[in-house]
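Inside the fold
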Amino acid sequence: MDLAVQLHTEPEYKDETMTVYQIPLIGKPLAAESMLPQSPGASAQGENSPKDDPEPGSPKAVRQSLEEDKEKESPRKTGDTEKRGDRHPDLVMAFLCKIHPKKGKFLAAKAQELGLPVGTPAIFPIITALKNGESVTFEGRELLPEELCTPTDPGPVFIVLECPHEGFVDAVCENDTFRRYQEGLPENQVALVIHMTPESVLQDSRYQQWLERFGRGTQHLVLNENSAAVHNPRSYKIQTQLNLIHPEIFPLLTSYQSKEEEAACSVPIVRGECLLKYHFRPQQEWQRDAVTVCDHDAFVSEALDLPDFQDRVKECKESLPAVPGNVDAYPEIVFLGTGSAIPMKIRNVSSTLVNTSSTRSLLLDCGEGTFGQLCRHYGEQVDQVLCNIAAVFVSHMHTDHHSGLLNILMERRRALASLGQVFSPLFLVAPEQIMPWLHEYHNHCEEILGDIKMITSQSLVKGCENIKPKAKWFVSSLLESYDLAEFQTCEVQHCKNAFACSMVHKSGWKVVYSGDTMPCMALVRMGKNATLLIHEATLEDGMEKEAIEKTHSTTSQAIQIGMKMNAEFIMLNHFSQRYAKIPLFSEDFSEKVGIAFDHMRVRFGDFPVIPKLIPPLKALFADDIVEMEERKEKRELRLLKEASIVLDKLVNGENEEAPSQKRKQAKNHQEVPSKKLKTVN
Ligand SMILES: [Zn+2]
Ligand SMILES: [Zn+2]
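Residues numbered from 1 in each chain as written. Chains lettered and ligands numbered in written order. Predicted model: local features only at pLDDT ≥ 70, side-chain atom pairs only at ≥ 80, totals over all residues. Heavy atoms only, no water.

As named in an unreviewed UniProt entry, the chain is ribonuclease Z, taken from Apteryx mantelli. Its UniProt record, at the heading Cofactor (unreviewed entry), says of the chain: "Zn(2+)". Here is the UniProt Catalytic activity (unreviewed entry) comment for the chain, exactly as written: "Endonucleolytic cleavage of RNA, removing extra 3' nucleotides from tRNA precursor, generating 3' termini of tRNAs. A 3'-hydroxy group is left at the tRNA terminus and a 5'-phosphoryl group is left at the trailer molecule." (UniProt positions renumbered as here; feature names shortened; annotations may be inferred.)

This part is about the sheet that holds strand E2 (residues 18–26). Strand order in the open sheet made by the seven strands is E1-E2-E3-E6-E7-E8-E9, with mixed pairing throughout. Edge positions in the sheet fall to strand E1 (13–14) and strand E9 (270–271), since each of these pairs with one other strand and no more. Of the pairings in the sheet, the one linking strand E8 (residues 219–222) to E9 comprises two bridges and is parallel in character. Of the residues in E9, the one forming a bridge with leucine 221 is valine 270. Running over the sheet, helix H9 (residues 205–212) touches strand E6 (157–162), strand E7 (190–196) and E8 and is turned about 160 degrees from E7. (Pairing = 2+ DSSP bridges. Helix = DSSP H or I, 4+ residues; strand = E, 2+ residues; numbered from the N terminus. Contact = heavy atoms within 4.5 Å. Axes fitted to C-alpha atoms, helices over the stretch in contact; angles between N-to-C directions.)

Take helix H11 (residues 296–304) next. Looking at H11, one finds that the buried residues are Phe299, Val300 and Ala303. Looking straight down H11, one finds its buried side chains confined to an arc of 95 degrees; they lie on one side. Those residues of H11 that are buried are in contact with helix H10 (233–245), helix H12 (309–319) and helix H22 (614–620). (Buried < 20%, exposed > 50% of the residue type's maximum accessible area, 1.4 Å probe, protein only. Arc of directions from axis to C-beta.)

Now for the environment of isoleucine 194. As for its placement among the helices and strands, isoleucine 194 is situated in strand E7. Under the relative-accessibility criterion, isoleucine 194 is labelled buried at 16%. Aside from chain neighbours lying at most four places away, what touches isoleucine 194 is Phe158, Ile159, Val160, Leu161, Leu221 and Leu223.

As a further point, take the nonpolar core. Ranked by internal contacts, the top residues of the largest apolar core, which has 88 residues, are Phe487, Leu523 and Leu572. Examining the composition of this core, we find that six residues originate from one element, helix H18 (residues 469–482), more than from any other. Ignoring sequence-local partners within four residues, the contact set of leucine 523 consists of Cys490, Val492, Ala500, Val512, Ser514, Thr517, His535, Ile561 and Met565. Counting residues in hydrophobic clusters, the runner-up holds 34 residues, among them Val334, Leu363, Leu405 and Ile434. (Core = buried A, V, L, I, M, F, W, Y, C linked by side-chain atoms within 4.5 Å.)

Here we take up the packing of aromatic side chains. On inspection of all chains with the given rule, the structure shows 16 aromatic pairs. Taking the centre distance of 6.1 Å and the plane angle of 70 degrees together, the rings of phenylalanine 427 and phenylalanine 474 count as edge-to-face. Here phenylalanine 427 is found in strand E16 (residues 426–430), whereas its partner phenylalanine 474 is found in helix H18, with 47 residues between them in sequence. Among the residues examined, phenylalanine 427 registers a relative accessible area of 5% and is labelled buried. Among the aromatic residues, those joined into a ring-pair cluster are Phe158, Tyr278, Phe280 and Trp286. Across the ring face of phenylalanine 427, the terminal group of lysine 453 is positioned such that the distance to the ring centre comes to 4.2 Å. Residue placement shows lysine 618 over the ring face of phenylalanine 585; its charged tip is 4.9 Å from the ring centre. (Phe/Tyr/Trp six-rings, centres within 6.5 Å; stacked < 30°, edge-to-face > 60°. Lys NZ or Arg CZ within 6 Å of the ring centre and 35° of its normal.)

In this fold, threonine 456 is placed in strand E17 (residues 452–456). With residues up to four places along the chain from it excluded, the contact list for threonine 456 reads Ala430 and Glu432.

Further remarks concern helix H21 (residues 555–564). In terms of burial, H21 is largely enclosed, as seven of its ten residues are buried. Along H21, the residues that are buried comprise Thr555, Ser556, Gln557, Ala558, Ile559, Ile561 and Gly562. With its phi angle positive at about 60 degrees, asparagine 566 sits one or two positions after the end of H21.

Glancing now at the confidence of the model for the chain. Scored by pLDDT, the chain has a mean of 86; 86% of the residues are at 70 or more. Across residues 33–85, where pLDDT falls below 50, the model places 73 contacts with residues more than four positions away in sequence or in other chains. Within the model, the stretch residues 656–678 combines pLDDT values under 50 with ten contacts to residues more than four positions away or in other chains. (pLDDT = per-residue confidence, 0-100.)

Quick look at a negative patch on the surface now. A cluster of acidic residues, Asp623, Glu627, Glu629, Glu630, Glu633 and Glu636, forms a negative patch on the protein surface. The residue glutamate 627 is located in helix H23 (residues 622–651) in this model. With relative accessibility at 47%, the residue glutamate 627 sits in the partly exposed group. (Patch = residues over 30% accessible without salt bridge, like charges linked within 9 Å, V, L, I, M, F, W, Y side chains within 5 Å. Areas by Shrake-Rupley, 256 points an atom, 1.4 Å probe, with all protein chains shown as cover. Salt bridge = Lys/Arg side-chain N within 4 Å of Asp/Glu carboxyl O. Lys, Arg positive; Asp, Glu negative; His and termini not counted. Charge placed at Lys NZ, Arg CZ, Asp CG, Glu CD.)

This part covers the environment of aspartate 623. Inspection of the secondary structure puts aspartate 623 in helix H23. Assessed through its relative accessible area of 62%, aspartate 623 is described here as exposed. Along the sequence, aspartate 623 and leucine 306 sit 317 residues apart, while their C-alpha atoms lie 9.9 Å from each other.

Structure representation (structure tokens):
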């Protein structure tokens, strides 16, 4: 990407809308206990830590890294006297934005009254001069701008301010630029201050006094952990409706409420909500008409009104045993993201939580937004769940499988501290190729290397001899912490360094996860007799060609892999986002196959139940299924037509030209879907 980077040391930025002044704020570090993990680093040294990093996460390390920055030459930035800092935890940037003044409107009617040449080219220089605030002499008469133009709108000012913790409060309160805008001068009137400020800072009396100094005319918008807004009503809607089918397998979503008490402010503040707007012109005002709302009852009645839905649900319920026998049984699988490539409103990208006991959880892949999904699923309990996560498996380096990891690491660290639990890094089982990415983030953004104990997926392939003693020790403590007898990986057929994994519990169960792959015999061997196979099914049947091109599996291919490994049950996931709500069912569906939805919760005792959910699911998504089947028919017709053209030409002996034409046609058709979703997944 070609990004224009403007350093904070450079002068203000200006475009056709506004001028942005950069305001660096230098803070003081907080006491170490409150901002850093409680006992980090004990097992963090070694292959995943930079050599000279004493204790990642420790104040000493922060200082040292800052000092290194000062010493380090930056060869890429020649002629740049100001060293590009790597990570500066003591520096934040605030932005003061001045929208350009708007010239007054020319009062044409009044000009006409005064006998000016309105409607002729002679008027244009007069208008320009008057709008620029200059007086004009016309036929010996002096015309003043204020008699022929509405007044100039000076252009509102707004401030975007991040004050990450109490250590920055003085820097904010004592800043001279801000002070100039608090003196009550009309041209320096601030319309809006956007505070990205935690509640603890908002409660600080120094900060409150600073807020007051802006005066009554300034609005204050606060964005922090107490901004509780639903941004994805569609996901709540689908979950509310699925919940009518089976309340345990499709539990209702909750919302995360911060435990931080809301600060009492002497100045009125507005809490951020999704799609809340503030207008600077023509009137300065809040607009709430797009703010999202979740109407649970409306979602329910919409589903109940669907043809056949209630009947199918009733039949399904009657076919199930009255008392579910496995409510507290483990393992419990929670699907957090079941879509591929890009996050969509109702299917997030890959992530599956395996709860092996009430106190231990493991993540299989960790796409962007995994933390948000955990919050929506667990609400208040999310911190406990984060503390339970002792390991994350990342199947391969496509972003829909790993880019949520950083946030999980940060939030897990916060959760451990907030629940007063001893900090311990988590086991990261991933291709070794993940390390450059983690190092890059660690060196330039936030310290994270102290949060992981790396076990490369390569070292867990059966028969791998090349395993370092420390990794060996990590593996045995990983097994111990989950009561596992075995944790294995195998290379699969997708991109380079893509892995599936298999875990066998001491009590005998075996869960196998495919990651992304085409049908793969190594996976069949590793997964032999699995209790549960979670397999990707990116594409529908009939799209085998696309599946090969994109190195994914179709629904039936995934099911066949499960049959070959003699899996007791197969859950399909990683659906192409073209199947937004539900994938197409294939003829290979049996009493051993289920399809995953985001927030679906499955225990082994649910295996007989899951296939019985299909008739009510089909009733709920009837419209979508019809639409997808129509699309499928169209595609099949098109393929048939193509084949018959080729056949005709062969029969008529025109095959000299045919190959190139055929290639061209085939190419065109391939490009259609890939244009829509031009991403690797
Ligand atoms: Zn993927
Ligand atoms: Zn992939």
